[in-house]
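Structural overview
The chain contents come next:
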Amino acid sequence: MNTKDFPQLDSIEKIEQGFESFGYICSTQIATAVFLAFHLRKPILVEGPPGVGKTELAKTTSELLSLPLIRLQCYEGLDEAKALYEWKYGKQLLYTQVLKEKLGDLLQGAQGLAESVERLHQFGDIFYSPDFLEPRPLLKAMQQDKGAVLLIDEVDKSDYEFESLLLELLSDYQISIPEIGTVKAKTTPMVFLTSNNTRDLSDALKRRCLHLYIPFPTLELEERIIRSRVPDIDEVLRSQLVQFVHSLRQLDLKKNPAISETIDWARSLLLLHANKLDEDLIRTTLNVLLKFEDDISATEPELRSLISEATAQ
Amino acid sequence: MHSKLLSFIQILRSRDVRISPAETLDAMDIVAVLGFSNRSFLHDGLSMALAKTPQEKATFSQCFEHFFKQELLDFSRDSDAPSERQPPDKDSVAAGEISDDDIASRPESADAVLENAAQQDAQLQALLDGNLMQNLMQNNRNELSLVLNQAGERVGLAQIQMFTQKGQYTRKILDELGEEHIRQAVIELEKNNSPALSQLQRYRDILREQVRDYVEREYLLHAEGKNKQFMDEILSKTRLNNLEHHYLHKVHDLVRKMAKKLAAKHSRKRRVSKRGQLNMSKTIRAGIANDGIMFKTYWKQVRKDKPQILAVCDVSGSVAAYAKFLLLFLYSLQDVLPKVRSFAFSSHLGEVSDYFVDYPVEKAIELINWKYGGATDYGNSLMDFASLALDDINSNTTVIILGDARNNNGDPKLEIMQSIYQRAKQVIWLNPESRKAWGTGDSDMLRYQSACHFTAECNNLRQLERIVDQLLKSTSVA
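Residues numbered from 1 in each chain as written. Chains lettered and ligands numbered in written order. Predicted model: local features only at pLDDT ≥ 70, side-chain atom pairs only at ≥ 80, totals over all residues. Heavy atoms only, no water.

What follows deals with the overall build of chain A. When helices and strands are tallied, chain A shows 15 helices and 9 strands. Within the span of chain A, comprising 313 residues, buried residues form 48% of the whole. Within chain A, contacts between residues separated by at least 24 positions form 75% of all contacts whose residues are at least 6 apart in sequence. Counting only carbon and sulfur atoms, one obtains 50% of the accessible surface of chain A, whose full area is about 15,100 Å². (Helix = DSSP H or I, 4+ residues; strand = E, 2+ residues; numbered from the N terminus. Buried < 20%, exposed > 50% of the residue type's maximum accessible area, 1.4 Å probe, protein only. Contact = heavy atoms within 4.5 Å. Areas by Shrake-Rupley, 256 points an atom, 1.4 Å probe, with all protein chains shown as cover.)

Shown next as structure tokens:
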């Protein structure tokens, strides 16, 4: 990826503005990470609680750069056949069947077995050539002419073995295929890895990446996000609901409401034509914010004080 | 500036932030791209390359604050004059303004007295014209801070380790700055009983205070991490029951740190191939490439069952301290050892696993100590254990017994130990007494030893860590 081709990434401020124009409001920290990743050609490992916009960051970057987004969703048991490449077995088989008849013509006049094998050798490994290679996401990202944004989502869900598989890609932007050799990236892709911290990633992987931790946003930032995502909502209600969610996060919950849930909630309140927070309204819509029955019942006794806190502001 | 960055990385390392040389190079690249002009960009950028967990990020921010804090405290007479908060790189005209302001704010204009005195004394004049005095008189904090830093580097302040060295380094830096000239001038003025004396003394004191503050800050930055490492080293070698009470929370942290290290080392799930069960679909798929001939076979894999661990701890007075740490260790390893059941005994035995579910580890241990403490009876306790858990012991079970085997001359009930020995995969006995004391007096250790796969002396954290490490190794490898 040539630095000059992407004036959108010239400075940290430009990135912030660019993201904003696509509706992604980010902190300076996030913009700095993208800026550095681009200029140092390093992958970014994004960690943070679910729903703070880790995946969204990669998507928006691809929109900002107008590059294709290539996504690899990780899960337990993901292996190289699904992540890197696979041979097109069917095609190989079909071709051998078709070519069987041609074989007679080819070997005509050959004296003995040795000479026949000799002749066959001249054709090289046609069946293990790039034509028969089925590229999977990682290889596909290497093959893009103009570069790409590669998103390796929830890398913590994959196995340890898979992590080691990624190391070559992350440090040298190349992939080794035993039958062909090393495939280097045509243009260095922007790589995002996301993790929900369900387990610690290996040091080797972390070492190769810039590490970005996205926490829950500050009050002010979250309000800006809601303003950008749900523009029609009343201003007073917006600041109230953001304040409410923030105090909700102070409670000891199984799963804290994330930005995506705040957005959903704002949308539902808009749909219900609410113009201020009251207890009934919250009680009926709380399930948009909280996804566990335990959390909901733990919150209900606190509701009144939470509301007064939110509306006092 | 690279050396500055490197010493910053040194400090981070001394505070348990793991930074590899590759990451150091990244940090240098980042500095090259971002520059030093914007402090918050630098903070964000460096934290991405150097600190890779939330804890590390917190440590990083803290160190960054200290390390890149260049500005000295305001040392002008009363720091309520807002005009003195001038940006650093104003030219001489601005500096002139500041001193004008200063003079205006002080009625008697003490500096003028000093200058008057200087007119009669060439030596004093030379001193006042020197950089150091100029900086002091003009409240030029940035300049002074730079000079301080350079002097600190020259005397090797980064090597400071003990708080007792603070005075020594302060003196060295003062010498390096040329403070003795001021001192001499003060003596001169004293002799002459000059009116400028108090003013010069004041500047001398300001300088001394600044240097002291600077050394103090650097000490906190450089030495604290090193001292903590030193402390950890000592604590891990001390006999656990000798630990002073106020070190206990430190030891808890240490145990947690050790457990985390072990967990990271052993948490790899191992897959073992199940011989005899072919993974048909995978084998056929692999065979297609060879015209359906299955050259390579794939076997079905299963995850190995996680081992079960039964920890049996003597919680009588003599051994309670050790039991506490063993349990702390085992329960800090929840990720790697999910199936830990624990039992506590002294005169009788009971299962205490539930305490660890209901309470945080430290609290649970306290409760257990309180409930089961008393005089030891191994025979009785083993019988209780057999009735509670003997049926659950199978070839996947490791039994860890922690105790001094001092049975108060009671019946050892060796036959129960033997049946445990026969059923379990492993029986480990940890004894806090040193090996020489085993079998002396009322100790039944030598007898019990015959029914154990492995016995070990275990009285400090280092030994405990080694044993748990071994335990994890033997339980995870098939």
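Picking up after the structure, the text goes on.
With that out of the way, let us pick up the overall build of chain B. A tally of helices and strands in chain B yields 21 helices and 8 strands. Taking all contacts inside chain B whose residues are at least 6 apart in sequence as the whole, residues at least 24 apart take part in 72%.

Across chain B, pLDDT averages 77, with 83% of residues at or above 70. The low-confidence segment residues 76-108 of chain B, where pLDDT is below 50, has 24 contacts with residues more than four positions distant or belonging to other chains. (pLDDT = per-residue confidence, 0-100.)

Following the sequence through the fold, Thr262(A) ends up in helix 12 (residues 259-271). Once you skip the residues sitting within four places of it in the chain, Thr262(A) turns out to touch Glu222(A), Ile226(A), Leu241(A), Val245(A), Arg249(A) and Leu289(A).

A few words on the pattern of salt bridges. This model, assessed by the stated rule, comprises 33 salt bridges over all chains. The salt bridge partner of Arg136(A) is Glu86(A), with a shortest N-O separation of 2.6 Å. Note that Arg136(A) is positioned in the loop between strand 4 (133-135) and helix 7 (137-143) and Glu86(A) in strand 3 (residues 85-87), a separation of 50 residues in sequence. Taking the relative accessible area as the measure of exposure, Arg136(A) reaches 26% and is therefore partly exposed. Glu86(A) sits in the buried class, given a relative accessible area of 16%. For the salt bridge of Arg171(B) with Glu179(B), the shortest nitrogen-to-oxygen distance reads 2.8 Å. (Salt bridge = Lys/Arg side-chain N within 4 Å of Asp/Glu carboxyl O.)

Here we take up the sheet that holds strand 5 (residues 149-153) of chain A. Residues and elements named next belong to chain A. Taken together, 5 strands build an open sheet; the order of strands is 2-5-8-1-9 and the sheet is parallel. Among the strands making up the open sheet, the edge pair consists of strand 2 (69-73) and strand 9 (210-213). Each strand axis lies, on average, 20° off the axis of its neighbour in the sheet, ignoring direction. Here 4 bridges tie strand 1 (residues 44-47) to strand 9, and the two strands are oriented parallel to one another. The partner of Ile44 across the bridge, within strand 9, is Leu210. Each of strand 1, strand 2, strand 5, strand 8 (190-195) and strand 9 touches helix 3 (residues 54-64); the most contacted strand, strand 8, lies at about 165° to it. (Pairing = 2+ DSSP bridges. Axes fitted to C-alpha atoms, helices over the stretch in contact; angles between N-to-C directions.)

This part takes up the packing of aromatic side chains. For any pair of aromatic rings, the description rests on two quantities: the centre-to-centre distance and the angle between the ring planes. Residues and elements named next belong to chain B. Counted under the stated rule, the structure contains 15 aromatic pairs over all chains. Consider the rings of Phe8 and Phe64, whose centres lie 6.1 Å apart with planes at 75°: the pair is edge-to-face. You can see Phe8 sitting in helix 1 (residues 2-14) and its partner Phe64 sitting in helix 4 (residues 54-67), a full 56 residues away along the chain. The burial state of Phe8 is the same as that of Phe64; both residues are buried. Arranged with centres 5.2 Å apart and planes meeting at 40°, the rings of Phe8 and Phe67 form a pair that is tilted. (Phe/Tyr/Trp six-rings, centres within 6.5 Å; stacked < 30°, edge-to-face > 60°.)

What holds strands together in a sheet is hydrogen bonding between their backbones, with the strands either parallel or antiparallel. Residue and element names in this part refer to chain B. Taken in spatial order, the 6 strands of this open sheet run 5-4-3-6-7-8, and their pairing is mixed. Of all strands in the sheet, those bounded by a partner on one side alone are strand 5 (349-351) and strand 8 (454-457). Shown here is a sheet whose adjacent strand axes are inclined to one another by a mean of 20°, direction ignored. Across 7 bridges, strand 3 (residues 308-314) lies against strand 4 (residues 339-345) in parallel orientation. Among the inter-strand pairings, Asp314 is bridged to a residue of strand 4, identified as Phe345. Sitting on the sheet, helix 15 (residues 320-332) is in contact with strand 3, strand 4, strand 6 (397-402) and strand 7 (426-431), with an inclination near 160° to strand 3. Strand contacts of helix 18 (residues 378-389): strand 3, strand 4, strand 5, strand 6 and strand 7, with the helix running at about 145° to strand 4, the strand carrying the most contacts.

With that settled, consider the interface of chain A and chain B. In this complex, chain A contributes 33 residues to the contact, which on the side of chain B involves 32 residues. With both sides pooled, the region where chain A packs onto chain B buries about 2,600 Å², and carbon together with sulfur makes up 60% of that total. Where chain A packs against chain B, one counts 2 salt bridges. Between Arg18(B) and Asp203(A) there is a salt bridge, with the nearest N and O atoms lying 2.9 Å from each other. At the junction of chain A with chain B, the criterion picks out 7 residue pairs in polar contact (both at pLDDT 80 or more). In terms of residue count, the dominant contributor to the side of chain A that touches chain B is helix 2 (residues 28-40) of chain A (8 residues). Within the side of chain A that touches chain B, the residues separate by chemical class into 13 nonpolar, 8 polar and 12 charged. (Buried area = accessible area lost by both parts, 1.4 Å probe. Polar contact = N/O pair within 3.5 Å; in protein donor to acceptor, adjacent residues only side chain to side chain. Nonpolar A, V, L, I, M, F, W, Y, C, P; charged D, E, K, R; others polar.)

Residue and element names in this part refer to chain A. On the surface, a cluster of nonpolar side chains totalling about 400 Å² of accessible area is made up of Leu103, Leu106, Leu120, Phe123 and Ile126. One can find Ile126 in the loop between helix 6 (112-121) and strand 4. The exposure class assigned to Ile126 is partly exposed, which follows from its relative accessible area of 44%. (Patch = residues over 30% accessible without salt bridge, like charges linked within 9 Å, V, L, I, M, F, W, Y side chains within 5 Å.)

Time to look at the nonpolar core. Residues Leu57(A), Phe192(A), Leu212(A), Phe244(A) and Trp265(A) are the most contacted members of the largest nonpolar core, which totals 66 residues. The element best represented in this core is helix 2 of chain A, accounting for 9 residues. Those residues in contact with Leu212(A), other than ones at most four positions away along the chain, are Gln29(A), Ile30(A), Ala33(A), Ile44(A), Leu45(A), Val46(A), Glu47(A), Leu57(A) and Met48(B). Judged by nonpolar contacts, the second largest core, of 47 residues, contains Leu235(B), Leu254(B), Phe329(B) and Leu461(B). (Core = buried A, V, L, I, M, F, W, Y, C linked by side-chain atoms within 4.5 Å.)

Engagement of the side chain of Glu86(A) in a polar contact is seen with the side chain of Arg136(A), the distance being 2.6 Å. If we skip the residues at most four places from it in the chain, Glu86(A) touches Ala81(A), Phe132(A), Leu133(A), Glu134(A), Arg136(A) and Arg285(B).

Let's shift gears to a positive patch on the surface. Taken together, the side chains of Lys82(A), Lys282(B), Arg285(B) and Lys296(B) make up a positively charged region of the molecular surface. Its location among the elements puts Arg285(B) in helix 14 (residues 280-288). Judged by relative accessible area, which is 39%, Arg285(B) ranks as partly exposed. (Lys, Arg positive; Asp, Glu negative; His and termini not counted. Charge placed at Lys NZ, Arg CZ, Asp CG, Glu CD.)

Time to look at the packing of helix 2 of chain A against helix 3 (residues 39-50) of chain B. Their axes nearest at 9 Å, the elements helix 2 of chain A and helix 3 of chain B cross at an angle of 60°. On the basis of their axis angle, the class for helix 2 of chain A and helix 3 of chain B is oblique. When the axes of helix 2 of chain A and helix 3 of chain B are compared, the crossing they make is right-handed. Along its contact with helix 2 of chain A, which presents Thr28(A), Gln29(A), Thr32(A), Ala33(A) and Leu36(A), the element helix 3 of chain B presents Phe41(B), Asp44(B), Gly45(B), Ser47(B) and Met48(B). (Parallel < 35°, antiparallel > 145°, perpendicular 65-115°, else oblique. Left-handed = near helix turned anticlockwise from the far one by under 90°.)

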